[in-house]
Structures are given as C-alpha cells and as structure tokens.
Amino acid sequence: MAAAATPSLLSPEAREREARRELWQKRLERARRSLEAYVAATRYPPESRPSREHPDEMELAEPERTRPLSAKGAEDGTSDVQLRLKQDKVFVVGDEAVLLTVACEDSRREPRTCSVVSAVAHEAEHMAGAGGVAGVPLVFGDDGRDGDAVAGDGMLTGRFQPSKQGFAMYSGTLRVDVRVRSGSVEDVTFFDVLYTPAPPATFTRRVRESLEGGSLDLYLAVQVRKAGRYVVSGRMDDEGGVPFASVSFNEELPEGLNEVKLSVFGKLIRDEAPTFPLVLRDVEGFLLKESGDPDRELMVTMRGPVHTTREYSLQQFSSAEWKSPERDRYTDELQKDVVEAQKQLDAVLAEKHGAQNQKPQP
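Being a predicted model, the structure only gives us computed values, none of them experimental.

The rules we used
Residues numbered from 1 in each chain as written. Predicted model: local features only at pLDDT ≥ 70, side-chain atom pairs only at ≥ 80, totals over all residues. Heavy atoms only, no water. Salt bridge = Lys/Arg side-chain N within 4 Å of Asp/Glu carboxyl O. Helix = DSSP H or I, 4+ residues; strand = E, 2+ residues; numbered from the N terminus. Buried < 20%, exposed > 50% of the residue type's maximum accessible area, 1.4 Å probe, protein only. Core = buried A, V, L, I, M, F, W, Y, C linked by side-chain atoms within 4.5 Å. Contact = heavy atoms within 4.5 Å. 1 Å grid on protein atoms, 1.4 Å probe; cavity = no way out; pocket = protein on both sides within 12 Å on 5 of 7 lines; lining within 4 Å. Points joined across faces, edges and corners; volume = space filled by probe spheres on them. Expected span 1.5 Å × (residues − 1). Pairing = 2+ DSSP bridges. Axes fitted to C-alpha atoms, helices over the stretch in contact; angles between N-to-C directions. Polar contact = N/O pair within 3.5 Å; in protein donor to acceptor, adjacent residues only side chain to side chain.

(A) Fine view of the pattern of salt bridges. All chains considered together, the criterion is met by 31 salt bridges. When the shortest N-O distance is used, the salt bridge between Lys267 and Asp271 registers 3.4 Å. Pair noted here: Lys267 and Asp271 are both in helix 3 (residues 266-272), with a separation of four residues, about one helical turn. Given a relative accessible area of 13%, Lys267 falls into the buried group. Residue Arg296 pairs with Asp295 through a salt bridge whose shortest N-O separation is 2.9 Å. The class of Arg296 is partly exposed, set by a relative accessible area of 22%. Through salt bridges with shared partners, one network takes in Glu16, Arg17, Arg20 and Glu351.

(B) Focus on the nonpolar core. By size, the foremost hydrophobic cluster in this structure holds 33 residues, and its most contacted members are Leu216, Leu220, Met236 and Leu280. Looking at this core, the elements that each hand over two or more residues are strand 12 (201-212), strand 13 (215-224), strand 14 (228-237), strand 15 (243-253), strand 16 (256-264), helix 3, strand 17 (279-288) and strand 19 (302-308). Not counting residues within four places of it along the chain, the set of residues in contact with Leu216 comprises Glu209, Ser210, Leu211, Leu262, Ser263, Val264, Ile269, Phe276, Leu278, Thr309, Tyr312 and Phe317. Grouped together as the second largest cluster of nonpolar side chains are 28 residues, Val98, Val102, Ala119 and Val180 included.

(C) Looking closely at the layout of surface pockets. Considering only enclosed or pocket space, the largest pocket measures out at about 980 Å³ in volume. For the largest pocket, the lining is made up of 45 residues, of which Val232, Ser233, Gly234, Val247 and Ser248 are closest to its centre. At the level of elements, strand 1 (48-50), strand 4 (91-93), strand 13, strand 14, strand 15, strand 16, strand 17 and strand 18 (296-298) are the ones that each hand at least two residues to the lining of the largest pocket. Looking at the lining of the largest pocket element by element, the count peaks at six residues for strand 15.

(D) View of helix 1 (residues 12-41). Spanning 30 residues, helix 1 covers 43 Å between terminal C-alpha atoms, matching the ideal 44 Å at 1.5 Å per step. Buried residues of helix 1: Ala14, Arg17, Arg21, Trp24, Leu28, Ala31, Leu35 and Tyr38, and no others.

(E) Spatial organisation of the sheet that holds strand 16. Spatially, three strands are ordered 12-13-16 in an open sheet, and the strand pairing comes out antiparallel. The sheet is open, and its two borders are formed by strand 12 and strand 16, each paired with just one other strand. Taking each pair of neighbouring strands and ignoring which way they run, the sheet shows an average axis angle of 25 degrees. Note: strand 13 against strand 16, nine bridges, orientation antiparallel. By the bridge assignment, Leu218 is partnered in strand 16 with Leu262.

(F) Summary view of the side chain of Ser263. With respect to the element layout, Ser263 can be found in strand 16. Given a relative accessible area of 13%, Ser263 falls into the buried group. Side chain to side chain, Ser263 and Asp217 meet in a polar contact 2.6 Å long. Those residues in contact with Ser263 that sit more than four places away from it in its chain are Glu47, Ser48, Ser215, Leu216, Asp217 and Val247.

(G) Seen up close, the environment of Asn250. Along the chain, Asn250 turns up in strand 15. Relative accessible area serves as the criterion here: at 43%, Asn250 is assigned to the partly exposed category. It is 4.5 Å that separates the C-alpha atoms of Asn250 and Val231, two residues lying 19 residues apart in sequence. Beyond its immediate stretch of four places on either side in the chain, Asn250 contacts Arg229, Tyr230 and Val231. Only 2.8 Å separates the side chain of Asn250 from the side chain of Arg229, close enough to count as a polar contact.

Rendered as structure tokens:
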C-alpha cells in the first residue's frame, strides 16, 4: 500500500478538505465530552449530592486562617511573627455566642509571646447606616474561662454574644477589630460575624422518614414566623461516621408549621453503598431575602446528630438516574451538537472518499 501523501504534496482542495475533517473531528470529540460530562454530573438531583464533590462543606464553618502580624515586617524581614486566627462559628442567631481565638507563632509554627492590646466589636463599615451603634470592647484571655479551652496554652480567647453586648436589635455583619502585640511588633486584625437577632423560623427537631419513589426522604418540622423562600442544608454520614452525602431544600414556605423535605436520592445510595443506619447532622437554614445586605435571615443551626434512619437494604432504592425537564432539555441540545458534528464529519469523509475513487481524466 502506498504511503499517505504528506500535506505539502496534497492539492489545495485536498488540504482544505483535510482541514475541515480535522475541525469537525475535534468538534465531535468536544461535543461528546460535553454530553458525557453533563449526563454524569446530573445523575443525581442538585439537592442530593455525594460528599466527595464538596468535602470542605461537610463540616460547619469554623474559619481558621494565618497572616503576618506585620505585613511590613514580613516584607522587609524584620519580623516572622504569624497570627493564627479562629472562630467557632460565622453565623450567630439570637442569644448565641461566638468564640474568637488569637495566637502568635513564628515561621516554624513555634509559639511566640502574644497579647491582645484591645478588641472592639462594631457594625461592619460596609453595612448601610453603619456607625449608629457604639463599638463595644471585648476581653480576650488565656485563663481557661469564658470559652478559653486551656489556661496558659498561648491561645487567647474572646467570647462575643451580640444580644447581650449592645447589638440585640441589630441585623447584619458585625466586625471585631483586634489589636495584637508580640514583642515589639503590633498590628490590627479582625473577625466578621453575621448576626440575626430573631430567627425567621425554628427547627422543632421532629423528623419523620419515608421511602418514596426509590429514595429516602426525611421531613423536618419547621415553625415558620416569616413566610418566604427558605434554604436548608444538612450532612449525611454512614453508620461509621464517614461523610456520605449533602442534602438541601430550597422552596417557599408559608407562615405556621411546615415540613422541609431533605431527600437522599436512591441512585446515590445505590452507587455509594453506605452502611445503614445513616445519620443526618449539622442542619442549618436561612430565609433568603429578595434585596438588601445581608441577603438572609438565619435560623438556629441544629449542631451534631439530628436523626438516625432505620436500616435498609440497597435493593430497596432505585438505580434510575434523576429526570427533569431541564435535564432533558440540556441533554437534547448537547445531543444535537453531537449529531451535527457527526453529520459534518461524515460529509467531509464521503467527499474525501469520492475524490480518492475518482478516476483521473486522460
């Protein structure tokens, strides 16, 4: 068999045809990948997803970060002191309190002397009308009291309870400015807290479960004070405490006693094969506001285990993929792209085949 002609030996028509073939071959491969990726990503509904997709969201937010005590000192090499900052929650509701922790360390994470010179809680500057409430001083200590875990461990802890410390009627972001000193170096850092003085709805902690349509549905009783769109999320662990899935709810609720459905999709259970019973834990929720800052009013989070399911066999759950009009519409559009690319590629290949079979004129 004769070797294929190199591009430089092809006629202009053949080179143009080969370019079109390569173009449609690439478009076909891209269209197939897009279709396969979309179908795989939407096997389960948005409100019931495997934990591996967002492992960082399987725990309640307890932000911890480090930063140089002095940016200038870090830049010019005169100080290697780092601040380690942590808060045990970001969202605070009603009479809840948040614990704020400050520690100093060097670049090798060895402890350094640390003291909080001052700390003041106030309305965050970006909030509309900020400054209407006077700042409130906070005390940080390392004496094993007021939330401090271990006395003398170098971790200075401040306890902030907005409802009891001047912000009972405030709703929005509160900022705690903290001035820290280590040796001769001193600078200011901050913590932010989103505060809701009165929750718009309350979890009653009553849960009922039901096997419906091949999925496991958990119904949480909620007493709603303000009607509106509520977003509720929870985490599911297997019997051994291994994170398995995240579940969520996003719907309108009227005033009064309601039920929020958190569904564990059947195919997700079949694919992941968790050991039963499952445990629903760390459920949080909020009322989504149409406008304004903040964009939500918080519910009191149900921390820790909330409900333990009954035991089921995997065969009791459906292996069918999620179906919805939206998914069908997107799948159809992506399939059209595949069909069109294949059609164009076939046409180019047929043209090429015809040219190759064409007998040369005498």
